[in-house]
Amino acid sequence: MLENPPLSGATNVAPYRYAAAVEYSGAAYHGWQKQRHDLVPCIQGRVEGALSRVADHPVDVICAGRTDAGVSACYQVIHFDAQVQRPERAWLMGGNTYLPEDIALLWVKPVSTDFHARFSAQARRYRYIIYSAAVKPGVLAKGITWTWKVLDEVKMQQAAEALIGEHDFTSYRAVACQARNPVRQVQHLKVYRQGQLLVIDIKANAFLHHMVRNIAGVLMKIGAGEAPVGWARDVLNARDRRQGGVTASPFGLYFVDVDYATEFSLPKAVPGPFFLSPAD
């Protein structure tokens, strides 16, 4: 039994399903997914621990999209079932009280049991942030990917056009990817500059393991003038991961939004991270 008593307003009618949005810095964690032991820190374990203390019973959390070690999120959507009913503010404020400083709940609200954070998701969106400068940064060192190379965002955008639409992304997924089907539909893929920052903004119905980081690695090589614009298409058509170049660093990759049917009435995200202009 957990030590904290139930909060006022709790009832014993069960179960109740709640959706929530989580923001986190992934730098100190071995990814989202909970490990078989507690020696490796993970986001899921921290969130479940905090919500379990508020619920006064063990809580299991399902997310919209599992992130790798070092990857951050501005708007990871989750759901969990509870044996007690509590006010939204109690889940939010109580949960944040028990979370470490690099993880935060943004909102919590009750939803129908038809809602599933993963299977109800219609699309997911990531942003990859690159800091292109001669000297490495001292601030946000693990919140961005740094390169001393000068990158041409126009060429990167031209190359990215070949990846938009429904394709077999075998060349852009990790060798160890366990997805049965390598076909994904990229709905938009934009590369733009904001000062010394380059942003790769990508939205798809779903993503393969390391897919965004592998796309970023190819586009960065093209942007640096080390490969022609057509190389992104050639890699795609090869359907061979060995043709795809390096996997870009996890630092600078952010899970920023998830699309759901309007019937679930979830709050709309303002895609981050916060240090980018909201106009973009």
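Residues numbered from 1 in each chain as written. Predicted model: local features only at pLDDT ≥ 70, side-chain atom pairs only at ≥ 80, totals over all residues. Heavy atoms only, no water.

A. Spatial organisation of the overall build of the protein chain. Looking only at helices and strands, one finds five helices and 10 strands in the protein chain. Taken over the C-alpha atoms alone, the protein chain extends approximately 65 × 40 × 40 Å along its principal axes. Counting all 280 residues of the protein chain, 53% fall into the buried class. Partitioning the intrachain contacts of the protein chain with sequence separation of at least 6 by distance along the chain shows that 72% fall at a separation of at least 24. When the accessible surface of the protein chain is summed, it comes to about 13700 Å², and 51% of that surface belongs to carbon and sulfur atoms. Here the protein chain carries 30 positive and 25 negative side-chain charges, and the mean point of each set is 4 Å from the other. (Helix = DSSP H or I, 4+ residues; strand = E, 2+ residues; numbered from the N terminus. Buried < 20%, exposed > 50% of the residue type's maximum accessible area, 1.4 Å probe, protein only. Contact = heavy atoms within 4.5 Å. Areas by Shrake-Rupley, 256 points an atom, 1.4 Å probe, with all protein chains shown as cover. Lys, Arg positive; Asp, Glu negative; His and termini not counted. Charge placed at Lys NZ, Arg CZ, Asp CG, Glu CD.)

B. How the structure looks around the nonpolar core. Ranked by internal contacts, the top residues of the largest apolar core, which has 79 residues, are Val47, Trp91 and Tyr260. Both domains that furnish three or more residues to this core are identified here as domain 1 (16-120) and domain 2 (123-255). With residues near it in sequence (within four places) discarded, tyrosine 260 still touches Ala64, Val77, Phe115, His116, Ala117, Ser120, Ala121, Gln122 and Leu266. Listed in part, the 11 residues of the second largest apolar core include Ile129, Ile144, Tyr192 and Val256. (Core = buried A, V, L, I, M, F, W, Y, C linked by side-chain atoms within 4.5 Å. Domains from an automatic or database assignment.)

C. Summary view of the packing of aromatic side chains. Summed over the entire model, instances satisfying the criterion amount to 12 aromatic pairs. Residues tyrosine 18 and tryptophan 91 carry aromatic rings whose centres are separated by 5.0 Å and whose planes lie at 55° to one another, so their mutual orientation is tilted. Separated by 73 residues along the polypeptide, tyrosine 18 in strand S1 (residues 16-24) and tryptophan 91 in helix H2 (residues 88-98) bring together distant segments of the chain. Here tyrosine 18 falls in the buried class, since its relative accessible area comes to 2%. A network of ring pairs unites the aromatic residues Tyr18, Phe80 and Trp91 as a single cluster. (Phe/Tyr/Trp six-rings, centres within 6.5 Å; stacked < 30°, edge-to-face > 60°.)

D. Spatial organisation of unusual backbone geometry. A cis amide bond links glycine 272 with the next residue in sequence, proline 273, at an omega value of 0°. As for its position among the elements, proline 273 is in the segment after strand S10 (253-259). Unusually for a residue other than glycine, aspartate 56 sits at a positive phi of about 65°. Note on placement: aspartate 56 falls in the loop between helix H1 (43-55) and strand S2 (61-63). Residue arginine 239 is not a glycine yet carries a positive backbone phi of 50°.

E. Spatial organisation of the pairing of strand S3 (residues 72-82). Most of S3 is tucked away, with 10 of its 11 residues classed as buried. Pairing analysis gives eight bridges linking S1 to S3, with the strands arranged antiparallel. When the bridges of S3 are listed, alanine 19 appears paired with histidine 79. Both S2 and S3 contribute to a ladder of three bridges, which runs antiparallel. Paired with valine 61 across the strands is phenylalanine 80, a residue of S3. Bridge analysis of S3 against S10 gives two bridges, and the strand direction is parallel. The residue of S10 that forms the bridge with serine 72 is tyrosine 254. (Pairing = 2+ DSSP bridges.)

F. Molecular detail of the confidence of the model for the protein chain. On average, the protein chain scores 92 in pLDDT, and the residues at 70 or more come to 94%. The low-confidence segment residues 1-11, where pLDDT is below 50, has 23 contacts with residues more than four positions distant or belonging to other chains. (pLDDT = per-residue confidence, 0-100.)

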